[in-house]
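Descriptive structure summary
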Amino acid sequence: MSLANRSLLFLDELPEFSRHVLDCLREPLESGEITISRAGHNVKFPANFQLVCALNPSPCGQFEGSLANCRSTPDQILKYLNKLSGPLLDRIDIQVMVPRETESMRLNGGVKRSRQITTAQGKSLVEKARQRQLKRQGCLNSELKPKALKQICLLSEQSEAFLAKAAEKMKLSHRAYHRTLRLARTIADLAESDTIEQQHLAEALNYRALDRLIDQVQSL
């Protein structure tokens, strides 16, 4: 983790790591540093990294919402996903389900899709959003403390009621609530919006794919 400081740490097949190892990610994801305790001594190392993870929805990798083509039982899937503790999932801001792309598997490459945005355009959007955040509050949205969130992420009564209702329905923790608010602020910055609108909150809440996956398996 410290070797990935100010860089990117990619973990493939995330649930294949032990739960104890994965929970060691919680401290650096929150504070940007990690403490190692050995023989009465504590040493802190910098660990401010961008975490990127990938995982299959089930041990067999075939679960797509139903058990029709899946070789795993609901209990096996839940045991597999339970390697990821709630506090760890709270710290993963963007969770995206990647659907199976059958067209891309064809020999001719499948249907050609026009790209909506180029890498250069995406880079420009990110740079503008970062500058917007630094100018407004002197730091990035990810570095905002809970007290500063109330000032920087002001919501209208309608938007606040929408977020509160969604948080209750999705059973979001306080940490997940704050991180959703930070993400919505970033989405608004990318859209060059001074205020956080309901559509920005809805998009931020939509990036909770693992929460929805676990609820889906529990309902089977």
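Our subject is the structure listed above.
About the cut-offs
Residues numbered from 1 in each chain as written. Predicted model: local features only at pLDDT ≥ 70, side-chain atom pairs only at ≥ 80, totals over all residues. Heavy atoms only, no water. Axes fitted to C-alpha atoms, helices over the stretch in contact; angles between N-to-C directions. Helix = DSSP H or I, 4+ residues; strand = E, 2+ residues; numbered from the N terminus. Parallel < 35°, antiparallel > 145°, perpendicular 65-115°, else oblique. Left-handed = near helix turned anticlockwise from the far one by under 90°. Contact = heavy atoms within 4.5 Å. Nonpolar A, V, L, I, M, F, W, Y, C, P; charged D, E, K, R; others polar. 1 Å grid on protein atoms, 1.4 Å probe; cavity = no way out; pocket = protein on both sides within 12 Å on 5 of 7 lines; lining within 4 Å. Points joined across faces, edges and corners; volume = space filled by probe spheres on them. Buried < 20%, exposed > 50% of the residue type's maximum accessible area, 1.4 Å probe, protein only. Arc of directions from axis to C-beta. Core = buried A, V, L, I, M, F, W, Y, C linked by side-chain atoms within 4.5 Å. Salt bridge = Lys/Arg side-chain N within 4 Å of Asp/Glu carboxyl O. Disulfide = S-S within 2.5 Å. Patch = residues over 30% accessible without salt bridge, like charges linked within 9 Å, V, L, I, M, F, W, Y side chains within 5 Å. Areas by Shrake-Rupley, 256 points an atom, 1.4 Å probe, with all protein chains shown as cover.

Right, let's get into the packing of helix H8 (residues 174-190) against helix H9 (residues 198-206). Between H8 and H9, the shortest axis-to-axis distance is 8 Å and the interhelical angle comes to 125°. Put simply, H8 runs oblique to H9. Where H8 crosses over H9, the two elements pack in a sense that is right-handed. Taken together, the residues of H9 that come into contact with H8 (itself represented by Thr180, Leu181, Leu183, Ala184, Ile187 and Ala188) are His200, Leu201, Glu203, Ala204 and Leu205. Across the contact of H8 with H9, the residue classes tally to eight nonpolar, two polar and one charged.

As a further point, take the layout of surface pockets. By rolling a water-sized probe across the atoms, one finds the places where empty space is left. Roughly 330 Å³ of volume is contained in the second largest pocket. Around the second largest pocket sit 17 residues that line it, and Leu89, Met170, Lys171, Asp211 and Asp215 are the ones nearest its centre. Of all the secondary-structure elements, those providing two or more residues to the lining of the second largest pocket are helix H4 (86-90), helix H7 (157-170) and helix H10 (209-218). When grouped by side-chain class, the residues that make up the lining of the second largest pocket number seven nonpolar, four polar and six charged.

Another point: the packing of H7 against H9. Running from N to C, H7 and H9 cross one another at 15°; their axes reach a closest spacing of 9 Å. When the interaxial angle is binned, H7 and H9 end up roughly parallel. In this structure, H7 crosses over H9, and the sense of that crossing is right-handed. For the pair formed by H7 and H9, the contact residues are Gln158, Ser159, Phe162, Leu163, Ala166 and Met170 on the first element and Gln198, Leu201, Ala202 and Leu205 on the second. Grouping the amino acids of the contact of H7 with H9 by side-chain chemistry returns seven nonpolar, three polar and no charged.

The next subject is helix H3 (residues 74-81). Residues of H3 that are buried: Ile77, Leu78, Tyr80 and Leu81. Viewed along the axis of H3, the buried residues span an arc of 160°, placing them on a single side of the element. For H3, exposure combined with an orientation more than 90 degrees from the buried face picks out Asp75 and Lys79. On its buried face, H3 is in contact with H10.

Take the nonpolar core next. Core analysis: the biggest nonpolar cluster contains 26 residues, and Leu9, Leu25, Phe49 and Leu51 have the highest contact counts within it. Secondary structure elements with two or more residues in this core: strand E1 (8-11), H3, H4 and H10. Residues within four places of Leu25 in sequence aside, it is in contact with Met1, Leu9, Leu11, Phe49, Leu51 and Leu88. In this structure, Cys139, Leu149, Leu155 and Leu181 belong to the second largest nonpolar core, which totals 20 residues.

Think of it this way: side chains of opposite charge can pair up when their charged atoms draw near. Applying the stated criterion across every chain, the model contains 13 salt bridges. Linking Arg179 and Glu30 is a salt bridge whose minimum nitrogen-to-oxygen distance equals 3.8 Å. Taken together, the residues span a long stretch of sequence, with Arg179 in helix H8 and Glu30 in helix H2 (residues 26-31) at a distance of 149 residues. Looking at Arg179, the relative accessible area reads 14%, which means it is buried. For Glu30, a relative accessible area of 45% gives the class partly exposed. Bridged by salt links that share partners, the residues Glu30, Arg91, Asp93, Arg175 and Arg179 form one connected network.

Glancing now at the state of the cysteines. Considering all chains together, one arrives at zero disulfides under this definition. With no disulfide of its own, Cys60 lies 3.6 Å from the sulfur of Cys70, the closest cysteine sulfur.

A cluster of nonpolar side chains, Ile117, Leu125, Val126 and Leu190, forms an exposed patch at the surface whose accessible area comes to about 290 Å². The residue Leu125 is located in helix H5 (residues 119-137) in this model. Assessed through its relative accessible area of 36%, Leu125 is described here as partly exposed.

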